[in-house]
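Observations on chain architecture
Read off the chains here:
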Amino acid sequence: MPPQTTDNLESLVNFALEVQNVCASMKASGLQAHLNNPELEQKLVSKLPAIFQAFWGMHKLSLTESNLENFSKWLFQLAQGANSVIKPNSQKERKRAKIKDYCRKGYVRKLLPEEENAKKYWYLPVFPVVNPNKPNKVRSVWDAAAKVNGVSLNTVLLKGPDQLTSLLSILFKFRQRKIAIGGDIAEMFHQVLIRSEDQNYQRFLWYDPGAQQPTTYIMTVMTFGATCSPSSAQYVKNKNAERYSNRYPRATQIIVENHYVDDMLDSVDTEDKALQLAMDVRKIHAKGGFVIRNWVSNSKAVLKKLNAECTEGINLDIESDLATEKCLACGGRLRMTVLHLGCLNTCGAVT
């Protein structure tokens, strides 16, 4: 947990939620004695700005006992005040919209009454990640690496084998033939359901709009942040594709060998082959609950036919010799056999 500042109220709200997660995880793990650990309490208090540390010192005088749980309750009241002055269009609103969308899609659900007395469960902190290239898009990450008494969810999960195809291999094959074709799988990790008996290990606390207390939610699908997610997602993707290897041998090969995480990239000799390949890959993915979209190609004819059903537009000026599209985190000029690899130096400039 980083130190907090008075000029970042959203960070203060997130800090309060993280402290509540720590308390909940201690109780869940039978470590209630650590709630009375004065060193841990002081370590968390020291993360606050000096003025808030002074407020906590004055508040302690009114308490019969100073412990981590009382500090968490006081911090929650402080966060409520911060919430009331945060701008409506801030990151908080985007995070709320994202969780609401996840509930609609079935990725997230509220804790059921019969699950409240479960003996085994785990609470995960959740925080947003924003891609500089997509500032209006928020990705939520459940921090499975967050530790309580030296233990995190990731420490008890098996990472699994590395099943990713070599990135260089994909890039080299990408421009072997005349027509380039690529796409990406929408929310790939979230298409893999977690067994119901294991979902209790993906609990998290969330403040619904206007709520005075946080509500316990459960993530029902694989999350960004769990150490096993990359390997498990690749296994499910490939296992689904292999079921159709006899009917769609070429498309199956592309899914297994020419996908890097959720991105597909390949090249073929003709526009007809590109279109057929894309349609076959789309069919196979759909059988496993995956949706491949955001198609890119150096062929206007292929793009026109594939993007007819797309809901997200692609910013591609196919007429320009400098038309560039990001594929596998690389920039490629789709009308030229050139790949541009961009890196950021410590000053943030592109080199």
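Residues numbered from 1 in each chain as written. Predicted model: local features only at pLDDT ≥ 70, side-chain atom pairs only at ≥ 80, totals over all residues. Heavy atoms only, no water.

**Comments concerning the pairing of strand β4 (residues 179–185)**
For clarity, the threshold we go by: Between buried and exposed lies partly exposed: a residue is buried under 20% and exposed over 50% of the maximum accessible area for its type, with that area taken using a 1.4 Å probe on protein chains only. Helix and strand labels come from DSSP, where a helix needs a run of H or I of at least four residues and a strand needs a run of E of at least two; each type is numbered from the N terminus. Think of it this way: DSSP has to see at least two bridges between two strands before they count as a pair.
Of all seven residues that make up β4, seven are buried, and the element is covered over most of its length. Here β4 shows no split at all, with Ile 179, Ile 181, Gly 183 and Ile 185 on one side and Ala 180, Gly 182 and Asp 184 on the other all buried. As paired elements, β4 and strand β8 (residues 263–268) share six bridges and run antiparallel to each other. The residue bridging Ile 179 from the neighbouring strand is Val 268, located in β8.

**A closer look at the pattern of salt bridges**
Pairs can form between side chains of opposite charge whenever their charged atoms are close. Selection rule: Salt bridge, as used here, is a side-chain nitrogen of Lys or Arg placed within 4 Å of a carboxyl oxygen of Asp or Glu.
If you walk through the whole model with that rule in mind, you get 10 salt bridges. When the shortest N-O distance is used, the salt bridge between Lys 105 and Asp 101 registers 3.1 Å. Taken together, the positions of Lys 105 and Asp 101, both in helix α5 (residues 91–105) and four residues apart, correspond to about one turn of that helix. On the basis of relative accessible area, Lys 105 is assigned to the partly exposed category, the value being 34%. Accessibility expressed as a relative area gives 19% for Asp 101, which makes it buried. Residues Glu 187 and Lys 105 are paired through a salt bridge, measuring 3.1 Å at the closest nitrogen-oxygen approach. Separated by 82 residues along the polypeptide, Glu 187 in the loop between β4 and β5 (203–206) and Lys 105 in helix α5 bring together distant segments of the chain.

**Focus on the environment of Asn 258**
Worth spelling out the cut-off: The contact criterion used throughout is that any non-hydrogen atoms of two residues lie within 4.5 Å. Here a polar contact means two N or O atoms within 3.5 Å. Within protein one must be a hydrogen donor candidate and the other an acceptor candidate, and residues neighboring in sequence count only if both atoms are side-chain atoms.
Relative to the elements of secondary structure, Asn 258 occurs in the loop between α8 (249–257) and β7 (259–260). According to the relative accessible area criterion, Asn 258 is buried, its value standing at 3%. Expressed as a C-alpha distance, the spacing of Asn 258 and Gly 182, which sit 76 residues apart in the sequence, is 9.7 Å. Contact partners of Asn 258, with chain neighbours within four places excluded, come to Ile 170, Lys 173, Gln 253, Asp 263, Met 264, Leu 265 and Asp 266. Side chain to side chain, Asn 258 and Lys 173 meet in a polar contact 3.3 Å long.

**Things to note about the packing of α8 against helix α9 (residues 271–287)**
Our working rule: For helices, the axis comes from a line fit to the C-alpha atoms of the stretch in contact; other axes are also lines fit to C-alpha atoms, and the angle between any two N-to-C directions lies between 0 and 180 degrees. Here roughly perpendicular refers to angles of 65 to 115 degrees, roughly parallel to angles under 35, roughly antiparallel to angles over 145, and oblique to all remaining angles. Amino acids are sorted into nonpolar (Ala, Val, Leu, Ile, Met, Phe, Trp, Tyr, Cys and Pro), charged (Asp, Glu, Lys and Arg) and polar (every other residue, Gly among them).
Close contact between α8 and α9 brings their axes to 9 Å; oriented N to C, the two are set at 70°. Taken together, the axes of α8 and α9 are roughly perpendicular relative to one another. On α9, the residues touching Arg 250, Ala 251, Thr 252, Ile 254 and Ile 255 of α8 are Leu 277, Asp 280, Val 281, Ile 284 and His 285. Considering only residue class, the contact of α8 with α9 consists of six nonpolar, two polar and two charged.

**Here's the deal with the sheet that holds strand β1 (residues 108–110)**
Reading across from one edge, β1-β6-β5 is the order of the three strands in this open sheet, with antiparallel pairing throughout. Bordering the open sheet on either side are β1 and β5, each of which pairs with just one other strand. Here the average twist between neighbouring strands, direction ignored, is 40°. Note: β1 against strand β6 (residues 215–219), three bridges, orientation antiparallel. When the bridges of β6 are listed, Lys 110 appears paired with Tyr 217.

**Here we look at the packing of helix α7 (residues 229–242) against α8**
For the pair α7 and α8, interaxial distance at closest approach is 9 Å and the crossing angle is 170°. The orientation of α7 relative to α8 falls into the category roughly antiparallel. The residues of α8 that touch α7, namely those facing Lys 237, Asn 238, Ala 241 and Glu 242, are Thr 252, Ile 255 and Val 256. Of the residues assigned to the contact of α7 with α8, the class counts are three nonpolar, two polar and two charged.

**Some words on the pairing of β6**
Burial analysis of β6 places four of its five residues in the buried class, which makes it a mostly covered element. Summarising the sheet, β5 and β6 pair through four bridges and their orientation is antiparallel. Of the residues in β6, the one forming a bridge with Trp 206 is Thr 215.

**Some words on the packing of aromatic side chains**
So the rule is basically this: Between 30 and 60 degrees the pair is tilted, below 30 it is stacked and above 60 it is edge-to-face, where a pair is any two Phe, Tyr or Trp rings, Trp via its six-membered ring, whose centres lie within 6.5 Å.
Enumeration over the complete set of coordinates arrives at 10 aromatic pairs. With 6.1 Å between their ring centres and 45° between their planes, Phe 52 and Phe 55 make a pair best called tilted. In this pair, Phe 52 and Phe 55 are both assigned in helix α3 (residues 50–60), three residues apart and thus about one turn of the helix distant. Assessed through its relative accessible area of 13%, Phe 52 is described here as buried.

**Thoughts on the side chain of Ser 267**
Relative to the assigned elements, Ser 267 resides in strand β8. A polar contact is formed between the side chain of Ser 267 and the backbone oxygen of Lys 173, at a distance of 3.1 Å. Of the polar contacts made by the side chain of Ser 267, one reaches the backbone nitrogen of Gln 176; its length is 3.4 Å. Discounting chain neighbours no more than four positions away, the residues touching Ser 267 are Lys 173, Phe 174, Arg 175, Gln 176, Arg 177, Ile 179, Ala 180 and Arg 250.

**What about the nonpolar core?**
How we decide: Here the nonpolar core consists of buried residues drawn from Ala, Val, Leu, Ile, Met, Phe, Trp, Tyr and Cys, with membership extended through side-chain atoms lying within 4.5 Å.
Membership of the largest hydrophobic core comes to 35 residues, with the highest contact counts inside it found for Leu 48, Leu 68, Phe 71, Leu 75, Trp 142 and Phe 204. Within the residue set of this core, elements represented by two or more residues are α1 (9–28), α2 (38–45), α3, α4 (68–83), α5, β5 and β6. Counting residues per element, this core draws most heavily on α1, at eight residues. Residues contacting Leu 68, with those up to four places away along its chain left out, are Val 22, Cys 23, Met 26, Leu 35, Leu 40, Glu 41 and Leu 44. With 20 residues, the next largest nonpolar core counts Ile 179, Ala 251, Val 281 and Ile 292 among its residues.

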